[in-house]
Amino acid sequence: MSAFVNALRVRLLEPNAALSPLLQEILRNCERRNIRCDRTLVHFVMNLASMDPQYELFMETVSADRRNHDDFVEACCALLADDRSPTLITLRMQCYFLDNFFDKDEIVEKHARNLQAKTFALTKEIIDNDVITKDEQDEVFNKVILDIVMNMGLGNPECKDVMAETMRALNSVMSRSDKAKFVTLDRKDRLMALKDIREIVAGIRIFNKHSGNTANGMADLPKIIDQSHESTKSILQITLCEIMDKVNLLTSALNAAIAYDLRNRSIITLLPENITADDFETIKNLLAMYRQHEVYTRKLIDELAGIKVSIDGCKQEYEAKLLRIHEAVQYRTAIPTDRVFPKFSELTRVWLQFQNFVFLLSEMNQISNTLTSLTERCASFDDLAYRLLGESQIQTDIDRLNKVSAKRLILPDPKNCEIIQLLKFCLWHLAEGKGLLMPGSIELGVCRMQKEHYLFNIPEPVTFFDEDPNKYFFKIVETARKKIQLICLLNMYDKLQASYNAPRSEGFQMKITTTCDQEVQTDLHPVPTNIDREYRWNVWDYRREAIRLANIRTKRTTSVQTLESSRAIPKSTQIYLDKVQSTQTRVSRSTETEQRRQTGLKVIEPSAPSPLKVYALTLAQASRSGFNRNGER
């Protein structure tokens, strides 16, 4: 059932890209009319309403024009406008249930993520801080005790007795040297050691509580779970009884207002003077709402029964773990510690399963309460139902079906039907009554058509259905297009989607998925094996290899040969050997005063002035600075 719910969730709650412009227009219209609606509900209503081909939103050959878009937007806004109508409340229930119906694994993971988020900062301080002194070590282990109490659910961390008992359990596990070794571990190893310490210390506290030793602040989870299960079961059963009272009243009222014209193969509506056709449609929509609530409540009861089986198995495992630890502790002098501590860890894991059951039951109660609050939001139509009922008696589904229990389907020449068994609403009442929900009778017989099974309330319409099944299929599809709350109630989304391009009754054919059983045998190795050692399946391996080769091309080897390039081709290097050389130079002699010029060589003049010129310039500056303008010294 979870897979079924998930499939509908993807189809109906996710936004449709083709309807995105219409979504914005619907939201603007709702805002102008002061209509409060959730965006997910708008997606849900749009996806269901778009199954009607009159808006031509997904036609294969006809494109939708602006007028059809306006009609579609107006129809969706009209559905969302009346917050207390049975139709919108039914759609709200369907949207909420599809969006919130839980998967057990998802609930457990959600709880683990929330708990991890709450204790993330504390755990980070334990595994990241560097510890040097003894006071710092004691501070770290005070945080470890708080972490154990919060993550394992061992009581209120503000209670001194809870913290003191957890400290004693920790000291029985870790000595002073073990604590000193713990604070010297690296971050990863310290986190793994912390997880082991949590399970062992929690297991010791759980065992002490079971043994009668002090276990202040710890809740008795097995007892709490039993009480929660019984309370949830009672609430769901009471809710179901209240729903069935409404269902029996509405069904009896509708049944009292109809008559069968078997000659014309139709249903006639006989309404009192003070009841209008709109009132009759309101009662039908109200019955669909309570039938939907009934379906969801029964699903929750079935899930609760499955959880009860898991709880009983967990309790048996819990008792077995406690017994094994008790036997091991009695002979603890002979049994090594490394064989006792894992038993405490196993006991803690069972304890955590009990906590998961608590959250599952809490989630189930929340869903049930929300569904009930939605139905209570609907306007009361009990007075209208009693007026429609008149002098007839209220009958239950069992009373109504017992009247036809002695009858059986008699088909002298069955063309399309065969007797099997499955339970649904009466097909003929749905088709001719335009959404009239009357329970079919298994005792009467079950019809099979195109691998689908249908029930009937009276035997005569079976012959009508056998003559032209597609006629009644078309009427049911047309009714579901107008009353979109029936799509999820009767699980007709696939049928409406398959019959979208067949809007007329002429030539209407319900499309079904055809399957066949087939076996295929293949050879073990039809192609000779050819294993390519250089083959890489990952394209990123080729990219990394290309980058490496491109980098090699930009490198240059100067004095050595690289290992990568040595495999390419054989290479050799030619060098010049050393040889002895000498240079003959001219010998300078001290008696030579004439500067010799060599042909073809340029003589470079010194850039600095000669000492004599510098000395003469200095004397001239000194002589000028000794006299003033008048020539006086």
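So, here is what we can say about the structure in this document. As the structure is a prediction and not an experimental result, all values here were calculated from the model.

**Some thoughts on a nonpolar patch on the surface**
Part 1: Together, Tyr535, Trp537 and Tyr542 make up a nonpolar patch on the protein surface, roughly 460 Å² of accessible area in all.
Part 2: Examined against the element boundaries, Trp537 turns out to sit in the loop between α21 (493-498) and α22 (539-553).

**Some thoughts on the pattern of salt bridges**
Part 1: For the coordinates displayed, the defined rule picks out 25 salt bridges.
Part 2: Between Lys315 and Asp226 there is a salt bridge, with its nearest N and O atoms 2.8 Å apart. Taken together, the residues span a long stretch of sequence, with Lys315 in helix α13 (residues 277-330) and Asp226 in helix α12 (residues 221-256) at a distance of 89 residues.
Part 3: The class for Lys315 is partly exposed, based on a relative accessible area of 26%.
Part 4: Note that Lys483 and Glu281 form a salt bridge whose closest N and O atoms lie 2.9 Å from each other. Taken together, the residues span a long stretch of sequence, with Lys483 in the loop between α19 (469-482) and α20 (485-489) and Glu281 in helix α13 at a distance of 202 residues.
Part 5: Each of Lys124, Asp128 and Arg187 takes part in one network of salt bridges that share partners.

**Some points on the layout of surface pockets**
Part 1: Its volume calculated, the second largest pocket comes out at about 550 Å³.
Part 2: Contributing to the lining of the second largest pocket are 20 residues, with Ala112, Leu115, Gln116, Asn151 and Arg198 lying nearest its centre.
Part 3: Mapped onto the lining of the second largest pocket, the elements with two or more residues apiece are α6 (104-118), α7 (120-128), α8 (134-152), α11 (187-211) and α14 (337-376).
Part 4: Its residues assigned to classes, the lining of the second largest pocket comprises eight nonpolar, seven polar and five charged.

Reading the values: the criteria
- Here the residue index of a chain counts from 1 through its sequence in written order.
- The predicted origin of the model limits local features to residues at a pLDDT of at least 70 and limits the giving and counting of side-chain atom pairs to 80 or more, whereas totals for whole chains, interfaces and linings rest on all residues.
- Each side-chain value is derived from all of the structure's non-hydrogen atoms; neither hydrogens nor water enter the calculation.
- Think of a patch as exposed residues, more than 30% relative accessible area, with no salt bridge, where like charges cluster within 9 Å and nonpolar side chains (Val, Leu, Ile, Met, Phe, Trp, Tyr) cluster within 5 Å.
- Using the Shrake-Rupley algorithm and a 1.4 Å probe, accessible areas are obtained, with residue cover drawn only from the displayed protein chains.
- Salt bridges are defined as contacts in which a side-chain nitrogen from Lys or Arg sits within 4 Å of a carboxyl oxygen from Asp or Glu.
- Comment: elements are numbered from the N terminus, with helices defined as DSSP H or I runs of at least four residues and strands as E runs of at least two.
- Categorising residues by exposure relies on relative accessible area from a 1.4 Å probe, with only protein chains included: less than 20% of the type maximum marks a residue as buried, more than 50% marks it as exposed, and the intermediate range marks it as partly exposed.
- We place a 1 Å grid over just the protein atoms. Points where a 1.4 Å probe fits but has no way out form a cavity, open points with protein on both sides within 12 Å along at least 5 of 7 lines form a pocket, and any residue with an atom within 4 Å of a point lines it.
- Grid points are joined across faces, edges and corners, and a volume is the space filled by probe spheres set on the points.
- By the convention adopted, Pro, Cys, Tyr, Trp, Phe, Met, Ile, Leu, Val and Ala count as nonpolar, Lys, Arg, Asp and Glu as charged, and the other residues, Gly among them, as polar.

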